[in-house]
Amino acid sequence: MSPVHRINPAELSPPAGFSHAVTATGSRLVFLAGQTALDQDGKVIGAALPEQFATALTNLLTALRAAGGSPADLARVTVYATDVTDYRAHAGELGRIWRQSAGRDYPAMAVIGVARLWDEQALVEIDGVAVLP
C-alpha cells in the first residue's frame, strides 16, 4: 500500500490533473531534481511542448524508479513552463501523457510560468517529491 494518500474536498472545485492535498506517512523521502527533455547525450529533444513534456516526465520517473519508487509514491510535482498559455492549450494532451506514464493518481501539483529554463531550447521542466514506504 502506498504511503501517499490524496485528499480532494467536495467543498473545492473538482481537481483536473492534480490533487488538492496529499498526506504521506512513509519512511523515506525522495527529492527529484528538475528534469527537462534531455536525452542521454544532454541534448533537448522535441520541438513542441507535448513531446518535451513526455520526455521530461519519463526522465523524472526514471530517476524515481532508480530510487526505488513508483509514480504512485509522488506526493508533490512542480511543472515549470516557459509559456503557460501553450501549456493550457495542450492540457488535454499533457493529461493523457501523464496518465499513460504515471497513472491516474495525481500528486499535489503546480504549474509555474518562467521566463526561461537552464537550456534555452527547453519548454518545460518537472521536479517532485516522493514518499516511499
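Residues numbered from 1 in each chain as written. Predicted model: local features only at pLDDT ≥ 70, side-chain atom pairs only at ≥ 80, totals over all residues. Heavy atoms only, no water.

**Re the overall build of the protein**
Scanning the protein from N- to C-terminus turns up 3 helices and 6 strands. For the protein, the N- to C-terminal ordering of α and β elements is β-β-β-α-β-α-α-β-β. Here the C-alpha radius of gyration of the protein, 14 Å, is about what a compact globule of 133 residues would show, namely 14 Å. Along the three orthogonal principal directions, the C-alpha set of the protein runs to about 40 × 35 × 25 Å. Considering only residue pairs separated by 6 or more positions, the protein has 74% of its internal contacts joining residues 24 or more positions apart. Surface summary for the protein: the accessible area is close to 7,300 Å², and the carbon and sulfur share equals 53%. (Helix = DSSP H or I, 4+ residues; strand = E, 2+ residues; numbered from the N terminus. Rg over C-alpha atoms; globule rule 2.2 N^0.38 Å. Contact = heavy atoms within 4.5 Å. Areas by Shrake-Rupley, 256 points an atom, 1.4 Å probe, with all protein chains shown as cover.)

**Some thoughts on the sheet that holds strand 6 (residues 124–132)**
As summarised here, the arrangement of the 4 strands in space is 3-6-4-5, forming an open sheet in which the pairing is mixed. With partners counted over all chains shown, the strands left at the sheet margins are strand 3 (28–35) and strand 5 (108–113), one partner each. Geometrically, the sheet is characterised by an average inter-axis angle of 10° between neighbouring strands, direction not taken into account. Where strand 4 (residues 74–81) lies against strand 6, 7 bridges are found, and the strand directions are antiparallel. The residue bridging Arg76 from the neighbouring strand is Val129, located in strand 6. (Pairing = 2+ DSSP bridges. Axes fitted to C-alpha atoms, helices over the stretch in contact; angles between N-to-C directions.)

**Quick look at helix 3 (residues 91–102)**
Compared with an ideal rise of 1.5 Å per residue, which puts 12 residues at 16 Å, helix 3 spans 16 Å between its outermost C-alpha atoms and is within 8% of the ideal. Residues of helix 3 that are buried include every one of Leu94, Gly95, Ile97, Trp98 and Ala102, and no others. Each buried residue of helix 3 sits inside an arc of 160° when the element is viewed along its axis, so together they form one side. Looking one or two residues past helix 3, Gly103 carries a phi angle of roughly 90°, positive in sign. (Expected span 1.5 Å × (residues − 1). Buried < 20%, exposed > 50% of the residue type's maximum accessible area, 1.4 Å probe, protein only. Arc of directions from axis to C-beta.)

**Overview of the pairing of strand 4**
Counting buried residues in strand 4 gives 6 out of 8 residues, a clear majority hidden from the surface. Pairing between strand 4 and strand 5: 6 bridges, direction parallel. Looking at strand 5, one finds that Thr78 is bridged to Ala110.

**Regarding the packing of aromatic side chains**
Throughout the structure, instances matching the rule amount to 2 aromatic pairs. Taken together, a centroid distance of 6.3 Å and an interplanar angle of 70° make the contact between Phe53 and Tyr87 edge-to-face. Of the two residues, Phe53 sits in helix 1 (residues 49–66) while Tyr87 sits in helix 2 (residues 84–89), which places them 34 residues apart along the sequence. In this pair, the class of Phe53 matches that of Tyr87, namely buried. The interplanar angle of 25° and the centroid separation of 6.2 Å between the aromatic rings of Trp98 and Tyr106 together place this pair among those described as stacked. On the accessibility criterion, Trp98 (3% relative accessible area) is buried. (Phe/Tyr/Trp six-rings, centres within 6.5 Å; stacked < 30°, edge-to-face > 60°.)

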